[in-house]
Each structure stands twice: as C-alpha cells, then as structure tokens.
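# Observations on the three-dimensional arrangement
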Amino acid sequence: MDKILEDTAVELLRRAASELRREYVEAIYKAMEKCEGSIGRSQLDAIIRNIELARKSSEPICQDTGIIGFIVRMGEDFPVRAGLRDILVRATRRATEEIPLRPNAVDLFKGNTGDNVGPGIPIIDLELVEGDELELTAFPKGGGSSNVAAHAMITPGLGLRGVKRFVVESVARAGSLGCPPYFIGVGIGGTEDRCMLLAKKALLKPFQVRNPDPNIAALEEELLQRVNELGIGVMGLGEGPTALDLHVEAAARHPATMPVGVVMSCWALRHATAKVTREGRVHHL
Ligand code: SF4
C-alpha cells in the first residue's frame, strides 16, 4: 500500500503541475471569445497555448511549480495512518526529480533545500472522515499569488459591509501581481488562522457552483461582480476578466472578532485528486 500511495502522489503532482482542469480551460476560452480588447485576447490566447503545450509535453504549466501541499481526507478504517507523512515526503522528492519540479522549499537558515522538502513542507492538511478510503489532493501553490493573500480582523461592528470592503480592497491591492484572472477564496469567521485555511480550501470548491446556503451564494455573486468591476483584467492589462470565480467559506466566530481571509490563485489553479480504496485501487477524479 505504501508504494501505491507514493506512486499516486507523484502522479497527482504531475497532473496538477501540467494539466489544468478542463472547466478552467473552457472558462478561459470563453473569456477570450468575449474579450473585446486585442491586448486581453492576446494574453488569454498565450495562456491557452501555454496550457496546451504543458499538457502535450507533460511539463509544468509555469516555471513556479509552487510550494507542495496535500489535502488528505482519511477514512477511519484506511490501513495507512501515521506513515503517510513519510510517504508524501518521498513522493515530493521523487516528483521534484522526475517531473521535474522547481525546488521551492527554502529553509530559514540553510536556504533552498533543493528537493521541495523542508521543515513543515510538504504541507499536509489532514481530515479524518468515515469509511475506509483515502482521498488525496495535490495542491501546489505558486509564490506570486500567495504573496497577495490578505488577512484582517475586522471590527465586528462593521459586519458584512466591512468584510465586503476588505475583500474588494484586497483584490484591488493585488492588482496584476498574482497573474490574473484570479480564482478567489474568502474565509469568514473561525479564528485568525482558521479563516485563512477556509479561504484556501474555498479555492477548490466546484467551479462556478454557488454555495448551497443562499446567503453565502448571494455574497459570492456580489463579491465576484464587484472584483470584476475593478477592471484589473488579464495580467493587469485592463481587458478581460479580473476573476473567473470566487467562493466563500464561513465558520462561526467569537462575538468580539470578525476574522477574514482572502486567498487568491492565479489563472493556473493547479490541483489533482484521487481516491484510494483500502484494497489499493486508485481512482483519479
Ligand atoms: S502567480 Fe501563477 S502564473 Fe504567475 S508566476 Fe506564479 S504560479 Fe506562475
């Protein structure tokens, strides 16, 4: 089972690095068809050609192959437990060599580790769930769009009005720095750290599918419209969409706090997921 998981993790990193999900590519095509300006159209065309080249050659979509992260949903009866970290570390080293991935893990004192593994890296976010399967998502995150993430503890009295203003201002501040068009995750509530994790996980919600809670769905619609009205456009050139999608995840909060996290991804929102059964069968999703 260890070898199956290691091979699966390597394959997920390869798919995440070199194959953008079909629905994202279709949205970029549609944006190009709708874009009236020639600058925006040519940028979107270059993005699409880049995506096609990466897929055909199985090479990374971008030179920044990201800091390596995995999201794990582990069934309580799945046979591998504490050994999973070692497996994912081995997979990260192998993927770095074999795909190859750019070494992006920098130790505070020793510098770049050269193999994408370092203290706390790969990031592993683990959730225990019912059942006997393991769902593994590779989610490498580039540095450019991570640099424009934003966090605030809003005065609770400002309520949702303050939250909305902070989200729109955060995207305005990001401008072109994170390679738009963006995917935007917003986390509201929880604690100062939890809202950022909510925001990051919100990026992976089903594309252009609104939250089942009608209040959150309306908030998503409003924020997506408002960030697009900023007119940042493709690569910050003022033409085409600023954001392709926006999701909100909310948690309850302390009455004296209103934590808000905004996590952005560039157009290359890279992730890949597989399910592994307790017998070792692998289904790529
Ligand atoms: S923000 Fe995205 S597209 Fe831009 S350099 Fe980083 S990974 Fe590449």
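In this text, all values refer to a predicted model and were calculated from it rather than measured experimentally. (Residues numbered from 1 in each chain as written. Predicted model: local features only at pLDDT ≥ 70, side-chain atom pairs only at ≥ 80, totals over all residues. Heavy atoms only, no water.)

## A short note on helix H3 (residues 38–57)
- With 20 residues, H3 ought to run about 28 Å at 1.5 Å a step, and its terminal C-alpha atoms sit 28 Å apart, in line with that.
- The set of residues buried in H3 consists of Gly-40, Leu-44, Ile-47, Ile-48, Ile-51 and Ala-54. Down the axis of H3, the smallest arc covering the buried residues is 125 degrees, so these residues share one side. Of the residues in H3, the exposed ones pointing more than 90 degrees away from the buried face are Ser-38, Leu-53 and Lys-56.
- Contact partners of the buried residues in H3: helix H1 (2–18) and helix H2 (22–34).
- Following H3 by one or two positions, Ser-58 adopts a phi angle in the positive range, close to 55 degrees. (Helix = DSSP H or I, 4+ residues; strand = E, 2+ residues; numbered from the N terminus. Expected span 1.5 Å × (residues − 1). Buried < 20%, exposed > 50% of the residue type's maximum accessible area, 1.4 Å probe, protein only. Arc of directions from axis to C-beta. Contact = heavy atoms within 4.5 Å.)

## Structural notes on a negative patch on the surface
- On the surface, a cluster of negative charge is made up of Glu-76, Asp-77, Glu-130, Asp-132 and Glu-133.
- Of note, Asp-77 is situated in the loop between strand S1 (69–75) and helix H4 (84–98). (Patch = residues over 30% accessible without salt bridge, like charges linked within 9 Å, V, L, I, M, F, W, Y side chains within 5 Å. Areas by Shrake-Rupley, 256 points an atom, 1.4 Å probe, with all protein chains shown as cover. Salt bridge = Lys/Arg side-chain N within 4 Å of Asp/Glu carboxyl O. Lys, Arg positive; Asp, Glu negative; His and termini not counted. Charge placed at Lys NZ, Arg CZ, Asp CG, Glu CD.)

## Brief notes about the site of the ligand
- What surrounds the ligand is the set Cys-62, Gln-63, Asp-64, Gly-144, Ser-145, Gly-178, Cys-179, Cys-266, Trp-267 and Arg-270.
- Each residue belonging to the shell around the ligand can be placed in one class, and the counts come to four nonpolar, four polar and two charged.
- Two domains each provide a minimum of three residues to the shell around the ligand, namely domain 1 (2–15 + 61–140 + 270–284) and domain 2 (143–265). (Near = heavy atom within 4 Å. Nonpolar A, V, L, I, M, F, W, Y, C, P; charged D, E, K, R; others polar. Domains from an automatic or database assignment.)

## Quick look at the packing of helix H6 (residues 159–174) against helix H8 (residues 214–229)
- Their axes nearest at 10 Å, the elements H6 and H8 cross at an angle of 35 degrees. With respect to the hand of their crossing, H6 and H8 are arranged in right-handed fashion. Side by side, H6 and H8 meet where Leu-160, Lys-164, Val-167, Val-168 and Val-171 of the first sit next to Leu-219, Glu-222, Leu-223, Arg-226 and Val-227 of the second. (Axes fitted to C-alpha atoms, helices over the stretch in contact; angles between N-to-C directions. Left-handed = near helix turned anticlockwise from the far one by under 90°.)

## Section: the domain arrangement of the protein chain
- You can read the domains of the protein chain as domain 1 (2–15 + 61–140 + 270–284) and domain 2 (143–265).
- Taking only C-alpha atoms, the centre of domain 1 and the centre of domain 2 are 26 Å apart.
- Taken together, the contact between domain 1 and domain 2 spans seven residues of the former and seven residues of the latter.
- At the boundary of domain 1 with domain 2, total buried surface from both sides reaches about 600 Å², with 62% on carbon and sulfur atoms.
- Taken together, the links from domain 1 to domain 2 amount to one salt bridge.
- For the interface between domain 1 and domain 2, the tally reads two residue pairs in polar contact (both at pLDDT 80 or more).
- Residue composition of the side of domain 1 that touches domain 2, grouped by class: two nonpolar, two polar and three charged. (Buried area = accessible area lost by both parts, 1.4 Å probe. Polar contact = N/O pair within 3.5 Å; in protein donor to acceptor, adjacent residues only side chain to side chain.)

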